[in-house]
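Chain by chain, the residues run as shown.
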Amino acid sequence: MEQLKTIGRELAMGSQGGFYQSKEFLDLVKSIGEARSKAEEDRIVLGEIETLKRRVSEPDIPKRKMKEYILRLVYVEMLGHDASFGYIHAVKMTHDDSLLVKRTGYLAVTLFLNEDHDLIILIVNTIQKDLKSDNYLVVCAALNAVCKLINEETIPAVLPQVVDLLAHPKEAVRKKAIMALHRFYQKSPSSVSHLVSNFRKRLCDNDPGVMGATLCPLFELVSTDVNSYKDLVISFVSILKQVAERRLPKAYDYHQMPAPFIQIKLLKILALLGSGDKQASENMYTVVGDIFRKCDSSSNIGNAVLYECICCVSSIYPNPKLLESAADAISRFLKSDSHNLKYMGIDALGRLIKISPEIAEQHQLAVIDCLEDPDDTLKRKTFELLYKMTKSTNVEVIVDRMIDYMISINDNHYKTEIASRCVELAEQFAPSNQWFIQIMNKVFEHAGDLVNIKVAHNLMRLIAEGFGEDDDSADSQLRSSAVDSYLHILGEPKIPSVFLQLICWVLGEYGTADGKYSASYITGKLSDVAEAYSNDETVKAYAVTALMKIYAFEIAAGRKVDMLPECQSLMEQFLASHSTDLQQRAYELQAVIGLDAHAVESIMPSDASCEDIEVDKALSFLNGYIQDSIEKGAQPYIPESERSGMLNISNFRNQDHHGASSHGLKFEAYELPKQTVQSRIPPATLASTEFVPVPEPMSVRESYPTTIVPSASSDAESTELKLRLDGVQKKWGRQTHSPATSTSSSTSKKTVNGIKQVDGSNTSNSSTWETYDSRKHVEINSEKQKLAASLFGGSSKTEKKPATGHKISKPSSHMVEKSHVRKSSMEIASEKKALVHQPPDLLDFGEPTVQSSDPPSVDPFKELEGLLEPTTQLGSTAAAATNSPDIMGLFTETPGGTHNKDDSDILSSLSKQPVTNMVGGATSTQVAQSSKGPNRKDSLEKDSLVRQMGVTPSSPNPNLFKDLLG
Amino acid sequence: MIHFVLLISRQGKVRLTKWYSPYSQKERTKVIRELSGLILTRGPKLCNFVEWRGLRVVYKRYASLYFCMCIDEDDNELEILEIIHHYVEVLDRYFGSVCELDLIYNFHKAYFILDELLLAGELQESGKKTVARLVSAQDSLVETAKEQASSISNIIAQATK
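It should be emphasised that the depicted structure is a prediction, and the values quoted were computed from it without experimental measurement.

1. A look at the overall build of chain B
- A tally of regular secondary structure across chain B gives five helices and seven strands.
- In sequence order, the secondary structure elements of chain B are arranged as β-β-α-β-β-β-α-α-α-β-β-α.
- By the burial criterion, 66% of the 161 residues in chain B qualify as buried.
- Taking the contacts inside chain B whose residues are at least 6 apart along the sequence as the reference set, 47% of them involve residues at least 24 apart.
- With the model as given, the accessible surface of chain B reaches about 5,600 Å², and the carbon-plus-sulfur share is 55%.

Below is the structure:
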């Protein structure tokens, strides 16, 4: 390694010219490269900073030397240290006459300074000068700096010059000028709003590079105001067509694709323009269809363009043919072995299901695979998809999954996001109140203080107001179940503050409402809370108020109040608290306890948190008192607005404010009149070319709502509170639900395994209880199918079955009940117990032989595991077989320092890999699905046979089953 | 829009940073630390994308160097992956089989090339030749300056003899 470094250094010195770097600098880089720890690196850098501080302040440093110092400063700052002492020298360097030095100066300032830095004002003048330079390279360097450094305040100083540069003979300058204007637009849209015509003009620049760059600002402009750019649809379409037909110079080809980056930008713009606009969209159909056909799906860039096509198709007015192509592309992505493509596939699926929800059907297993993938990125993307397709039928499964995942991660940012999504879904689709409260409890418990306080307030309101308009018993049941669950949760060690506040409030309001718990029990709990979280003022305040409520209700009910000793000591503590809020609450409590029942009842009516409190804002009850006072000679009250002195003061303040806001920096010389700025700008009428019609205000076309089908049905469903299980099953193929028991099941089993090869081992690891949920399926991936069914709406199947009267239906309907019970219960442990009773059915059907060898007394969980294990092995071997050419592995093993030139070759072979696999995957799924089709009927027939013979499937009689099931 | 570009070695050493969105020096250090922890630990077969503070980071490993770009959520990740590759190809062409050492010792050149490729967080030029032409135009200027400098110093040297 040491040798390699020396060689490298010599190489660098030799080939790139030792002109730049002295030995000192090379030594610095070398010693940092060899530093063994961060501390050692820091020490070296700090030493370097000291040296540089000394050096840069020496007088008469030669330019060449100075340039090197500046580069060393850049290096130091890149390593995360502060080099601000040298900024001013970098700024000075931009003033230099030699381009060589100037360029380094500009590089350094763009790296050092953010747009709000004080030194920028010193550079503006230099930039202005350089923008006028004859040397286009100087202009380019200045424009680079403009893009980074010019802020809203300094835009007017350079704007006219940048606009002039749009007509510069050199395309590199025009391009950078366009980008600079784009940056100006981002910083302050109003500053360049009068220049929009320039962008339109540059769209037909002779140079494709300039045209490509112009697409950036146009994309931004179109996204803010679609309607003013509808006239450009034809131009964009024709440019895209020309690009796709390889009319651009060969130099813009990238991996055999014609200018893919420009294609992508254009597709993005078209997606915006065609959104909800049938007429505009119709212009695009042909060209987008062409690109779908021409795209080379074996290269990464081809897939990038394909993905953009899908985005475009799902955004514009729907066209069945294009949707079909998009669905094809998505299934290719999802079946690919590449995680990147799967990720894009999931994303694309999320876009397309808004328009055609049925396409998700064929990909359910792929989606489940992604959900269980060890790759977090993929998992999160899949959650995003699930979030988009949540309905009242699958909300329970999805939210449970989300919460499981939320518990497992540490990333606070994402935790907050997923928590708020859970809350949103639960609020929108909750099948029952109980379920809703449990979900909220879980969210609060695990995401804790990351949850917005408003969510807690909403939940309080919900508990107080209840769901039902009609029956009170349901509400009180809800409340007492909430109280139960909170008392249970209070036993846990660390509870987030927000959740504690909620708990205290609910306990205070409803703790004793149903008579189940005594006042002393609840107050004991509350004072425990206040004591345990004694450094949280808000929680203590909530607790005190809750105590007051409990005591008040007791007094109002005519019972004698005995304050617990711990409460008493707590009160004494609070009465002397430093927090005035706590103190006041404590005094209030003391006062309330001393009152009689009648008074307390009117102060603290029971369960009146939703009642409106009437407030007499005019304070009319004081009228008599005022009258008396005035009669006694007091001054009448004068409203603020009528008081004389006040008026002037507020006026004065206004003026002052006005003056301040108009104050700003001036960059123009004073004698120049303001109009010159405007006169320089070309008038709006511009030479129109073949592409761009002269921009005229277009009549706003009839626009269609962008969200086409999203949730008409789900909205309807959400109004009902009960879980609705019918009416959705038709969406998802019935084959997924058929309990395949015949011989053909073995083939289907294998092929299905082939699909999920990648995460075979993972599935068995993630033994969440949902995995075991699928007791009536025996196929190896049955748990997945079950999950798929419950996610994608097939869960209704289970409820339909009882009607058929087959034996098999019994356990399933039983299960449905069970799952209801389970979900409403608090502990997962009890769920597992419930599941444990079921496995015999499951085992019987799938692999009778396995069952026969196991005595029924064996722990059913073990049996399940035994069943699952072979799966993993099967899966992993399949994975090993198909993935044997491990190109990724090869690629990463390329030794450090020796960068291989044939990078692109490796890449292309990499991207070819998925294609072959994709084909294999495609065929295998087809086999799987076709073989599954008839099974259901078969199995049902067999079931009925079994029933006729009076044998329950769960009886451990293997021989009988052998006969029956062949 | 691209918010920043990072080049990090496998050992977590920073090789190049370019910030298109405003980040203070403190934030920059934090970002680099967070991201190197996130990216360097990822397995080889996983996605080349990472979700991070509501943004996406697209990364790709070339030999011992990780090229990372941070983008908005609705950008096309595959495209960014190709922009990274595009940059690597341009570097490769410029340095002639580029390796990490080239970038360590000539980081300023890597910056100059990046400036021709990306501007204000957007891809400004997708033609490799155009980029190469501009960079070499600037370099030739450097060459002439060098010659001038040496000739001047020769003259001075002769004059003072």
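What follows continues from the structure just given.
2. A closer look at the state of the cysteines
- For the coordinates displayed, the defined rule picks out zero disulfides over all chains.
- Here Cys47(B) stays unpaired: no disulfide links it, and the sulfur of Cys370(A), its closest cysteine neighbor, is 8.5 Å away.

3. So, the confidence of the model for chain A
Residues and elements named next belong to chain A.
- Residues of chain A with pLDDT of at least 70 account for 64%, and the chain-wide mean is 71.
- Mean pLDDT values over the elements of chain A span from 39, in helix 41 (residues 796-800), up to 92, in helix 15 (residues 260-274).
- pLDDT under 50 marks residues 794-858. Its contacts with residues more than four places away, or in other chains, come to 113 contacts.
- The low-confidence segment residues 950-966 (pLDDT under 50) makes 28 contacts with residues lying over four places distant or belonging to another chain.

4. Comments concerning the environment of Asn151(A)
Residues and elements named next belong to chain A.
- For Asn151, the location among the structural elements is in the loop between helix 8 (136-149) and helix 9 (155-165).
- With relative accessibility at 15%, the residue Asn151 sits in the buried group.
- For Asn151, the contacting residues outside a window of four places in its chain are Glu115, Asp116 and Lys187.
- In this structure the side chain of Asn151 is engaged in a polar contact, spanning 2.6 Å, whose partner is the backbone oxygen of Glu115.

5. Structural notes on the interface of chain A and chain B
- Each partner contributes residues to the interface: chain A has 92 residues there, and chain B has 82 residues.
- Between chain A and chain B we count nine salt bridges in total.
- Across the pair Lys268(A) and Asp75(B) runs a salt bridge, and its minimum N-O distance is 3.8 Å.
- On the surface where chain A and chain B come into contact, there are 28 residue pairs in polar contact (both at pLDDT 80 or more).
- At eight residues, the largest contribution of residues to the side of chain A that touches chain B is made by helix 10 (residues 171-187) of chain A.
- A class-by-class count of the residues in the side of chain A that touches chain B yields 43 nonpolar, 28 polar and 21 charged.

6. A few points about the packing of helix 16 (residues 278-294) of chain A against helix 18 (residues 320-335) of chain A
Residues and elements named next belong to chain A.
- Put simply, helix 16 and helix 18 touch, their axes get as near as 10 Å, and they point 25 degrees apart. Relative to helix 18, the element helix 16 is oriented roughly parallel. Relative to helix 18, the crossing made by helix 16 is left-handed. Taken together, the residues of helix 18 that come into contact with helix 16 (itself represented by Tyr285, Val288, Gly289 and Phe292) are Leu322, Ser325, Ala326 and Ala329.
- Tallied by class, residues from the contact of helix 16 with helix 18 come to six nonpolar, two polar and no charged.

7. Topic: helix 16 of chain A
Residues and elements named next belong to chain A.
- With 17 residues, helix 16 should reach 24 Å at 1.5 Å per residue; the first-to-last C-alpha distance of 24 Å fits that figure.
- Met284 marks the point of greatest bend in helix 16, at about 40 degrees.
- Buried residues of helix 16: Ala280, Ser281, Met284, Tyr285, Val287, Val288, Gly289, Asp290, Ile291 and Phe292, and no others.
- Its buried side turned inward, helix 16 meets helix 14 (233-244), helix 15, helix 17 (300-315) and helix 18.
- Sitting at the head of helix 16, Asp277 places a side-chain oxygen 3.1 Å from the backbone nitrogen of Gln279.

8. A word on a nonpolar patch on the surface
- Judged by side-chain polarity, Leu619(A), Phe621(A), Leu622(A), Tyr625(A), Ile626(A) and Ile630(A) come together as a nonpolar surface patch covering roughly 610 Å² of accessible area.
- Within the fold, Leu619(A) resides in the loop between helix 32 (597-603) and helix 33 (623-631).

9. Points about the pairing of strand 5 (residues 65-71) of chain B
Residue and element names in this part refer to chain B.
- Where burial is concerned, most of strand 5 is hidden: seven out of the seven residues are buried.
- Across the two faces of strand 5 the burial is the same, with Leu65, Phe67, Met69 and Ile71 and Tyr66, Cys68 and Cys70 all buried.
- Two strands pair when backbone bridges link them, and strand 1 (residues 2-9) and strand 5 are joined in this way by seven bridges, in the antiparallel orientation. The residue bridging Ile2 from the neighbouring strand is Ile71, located in strand 5.
- As defined by bridge partners, strand 4 (residues 55-62) adjoins strand 5 across seven bridges and the pair is classed as antiparallel. By the bridge assignment, Tyr59 is partnered in strand 5 with Cys68.

10. Some points on the pattern of salt bridges
- Across all of its chains, the model carries 46 salt bridges over all chains by this definition.
- Among the ionic pairs, Glu509(A) bridges to Lys549(A), the shortest N-O distance being 2.9 Å. With Glu509(A) in helix 27 (residues 497-510) and Lys549(A) in helix 29 (residues 537-556), this residue pair connects regions lying 40 residues apart in the sequence.
- Residue class for Glu509(A) comes out buried when judged on its relative accessible area of 6%.
- According to the relative accessible area criterion, Lys549(A) is buried, its value standing at 11%.
- One salt bridge in this structure joins Arg585(A) and Asp581(A), with 3.2 Å as the shortest N-O distance. Remark: Asp581(A) and Arg585(A) occur in helix 31 (residues 580-593); sequence separation between them is four residues, near one turn of the helix.
- Assessed through its relative accessible area of 27%, Arg585(A) is described here as partly exposed.
- Each of Asp347(A), Arg351(A), Lys381(A), Glu384(A), Glu51(B), Arg56(B), Glu73(B) and Glu77(B) takes part in one network of salt bridges that share partners.

11. Notes on the packing of aromatic side chains
- For the structure on display, the rule yields 21 aromatic pairs over all chains.
- Consider the rings of Tyr405(A) and Tyr414(A), whose centres lie 6.2 Å apart with planes at 75 degrees: the pair is edge-to-face. A single burial state applies to Tyr405(A) and to Tyr414(A), both of which are buried.
- A centroid spacing of 5.2 Å and a plane angle of 55 degrees characterise the contact between Trp19(B) and Tyr23(B), whose relative ring orientation is tilted.
- Counting every residue linked through ring pairs, the aromatic cluster contains Phe25(A), Tyr75(A), Phe107(B) and Tyr111(B).
- If you follow Lys53(A) out to its NZ or CZ, it ends over the ring of Phe85(A), 5.3 Å from the centre.

12. Some remarks on the pairing of strand 3 (residues 49-52) of chain B
All names here are of chain B.
- Every second residue of strand 3 is oriented toward a common face, with Phe49 and Glu51 on one face and Val50 and Trp52 on the other, all of them buried.
- Summarising the sheet, strand 3 and strand 4 pair through four bridges and their orientation is antiparallel. Residue pairing in the sheet places Glu51 in a bridge with Arg56 of strand 4.
- Hairpin connection between strand 3 and strand 4: a loop of two residues separates the two successive antiparallel strands, and Arg53 in this loop has a positive phi of roughly 50 degrees.

13. Description of unusual backbone geometry
- Even without a glycine there, the phi angle at Ala259(A) is positive, about 35 degrees.
- Locating Ala259(A) in the fold gives a position in the loop between helix 14 and helix 15.
- Exposure remark for Ala259(A): the relative accessible area of 1% places this residue in the buried category.
- A positive phi angle, near 50 degrees, is found at Arg53(B), a position not held by glycine.
- With respect to the helices, strands and loops of the structure, Arg53(B) is situated in the loop between strand 3 and strand 4.
- Given the relative accessible area of 34%, Arg53(B) is considered partly exposed.

Rules of the game
Residues numbered from 1 in each chain as written. Chains lettered and ligands numbered in written order. Predicted model: local features only at pLDDT ≥ 70, side-chain atom pairs only at ≥ 80, totals over all residues. Heavy atoms only, no water. Helix = DSSP H or I, 4+ residues; strand = E, 2+ residues; numbered from the N terminus. Buried < 20%, exposed > 50% of the residue type's maximum accessible area, 1.4 Å probe, protein only. Contact = heavy atoms within 4.5 Å. Areas by Shrake-Rupley, 256 points an atom, 1.4 Å probe, with all protein chains shown as cover. Disulfide = S-S within 2.5 Å. pLDDT = per-residue confidence, 0-100. Polar contact = N/O pair within 3.5 Å; in protein donor to acceptor, adjacent residues only side chain to side chain. Salt bridge = Lys/Arg side-chain N within 4 Å of Asp/Glu carboxyl O. Nonpolar A, V, L, I, M, F, W, Y, C, P; charged D, E, K, R; others polar. Axes fitted to C-alpha atoms, helices over the stretch in contact; angles between N-to-C directions. Parallel < 35°, antiparallel > 145°, perpendicular 65-115°, else oblique. Left-handed = near helix turned anticlockwise from the far one by under 90°. Expected span 1.5 Å × (residues − 1). Bend = angle between axes of the 7 residues up to and from the residue. Patch = residues over 30% accessible without salt bridge, like charges linked within 9 Å, V, L, I, M, F, W, Y side chains within 5 Å. Pairing = 2+ DSSP bridges. Phe/Tyr/Trp six-rings, centres within 6.5 Å; stacked < 30°, edge-to-face > 60°. Lys NZ or Arg CZ within 6 Å of the ring centre and 35° of its normal.

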